[in-house]
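# Geometric and topological summary
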Amino acid sequence: MIIPKDAIIAEEKVRDYLLVHRAKNDKSKLLRRLGYTHTDYWELIRDIRLLTFRRRISGAQTLWRVYAVRGKLYGPNGTSLAIKTIWILDLEDKIRFVTLVPDMEDSNDET
């Protein structure tokens, strides 16, 4: 699966979840190390759309199809990190971004 250009990435998901410190499952610290900020959340949205995906893993099927797509995220400060993004294909055939996590399996691979 290639993530299409019209995939839905909710601004609130990026701005108010990924880039905000949380006591549990915090991703903001990792993203700050790559140079992303809450103020410039649009940079992360842009870069998720620009990801060059190395491979995909299809997830379980429920009411939606869940996909885990691996790639390398290059931050505004020039650092990079292997990540796994999670997407759903909903009942209306719309692809929506769910979240991202560091990809420990691919963290030592070169792109």
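It should be noted that the structure appears before, not after, this text.
Throughout what follows, the structure given in this document is the object of discussion. Counting restarts for each chain, with residues numbered from 1 along the sequence as it is written. Whole-chain, interface and lining totals are the exception, using all residues; otherwise, since this is a predicted model, local features are given only for residues with pLDDT of at least 70 and side-chain atom pairs are given and counted only at 80 or more. Just so you know, side-chain values use all the structure's heavy atoms and leave hydrogens and water out.

Turning to the packing of helix H1 (residues 11-18) against helix H3 (residues 41-49), a few remarks are in order. Running from amino to carboxyl end, H1 crosses H3 at an angle of 125°, the nearest separation of the two axes being 9 Å. By the angle between their directions, the pair H1 and H3 is classed as oblique. Crossing geometry of H1 relative to H3 is assigned as right-handed. Of H3, the residues touching H1 (which contributes Glu11, Val14, Arg15 and Leu18) are Tyr41, Leu44 and Ile45. As a working rule, the residues Ala, Val, Leu, Ile, Met, Phe, Trp, Tyr, Cys and Pro are called nonpolar, Asp, Glu, Lys and Arg charged, and the rest polar, with Gly in that last group. Taken together, the residues of the contact of H1 with H3 sort by class into five nonpolar, no polar and two charged. Helix axes use the C-alpha atoms of the stretch in contact, all axes being lines fitted to C-alpha atoms, and the angles between their N-to-C directions lie in the range 0 to 180 degrees. Note on conventions: DSSP H or I runs of at least 4 residues are helices, E runs of at least 2 residues are strands, and numbering of each starts at the N terminus. We call two directions roughly parallel when the angle between them is under 35 degrees, roughly antiparallel when it is over 145, roughly perpendicular when it lies between 65 and 115, and oblique otherwise. Rotating anticlockwise by less than a right angle from the far helix to the near helix defines a left-handed crossing, while the corresponding clockwise rotation defines a right-handed one. What makes two residues a contact is simply this: any of their non-hydrogen atoms within 4.5 Å.

Any two side chains of opposite charge can pair, on the condition that their charged atoms come close. A pairing counts as a salt bridge when a side-chain nitrogen of Lys or Arg comes within 4 Å of a carboxyl oxygen of Asp or Glu. Per the stated rule, a full pass over the model turns up six salt bridges. The shortest N-O distance in the salt bridge between Arg96 and Asp90 comes to 2.9 Å. Note on Arg96: relative accessible area 29%, which makes it partly exposed. Here the salt bridges do not stand alone but share partners, grouping Glu11, Arg15 and Asp16 into one network. Think of it in three bands: with a 1.4 Å probe and only protein chains considered, a residue is buried below 20% of the maximum accessible area for its type, exposed above 50%, and partly exposed in between.

So, to be careful, I would describe these as geometric facts and stop short of saying anything about function.
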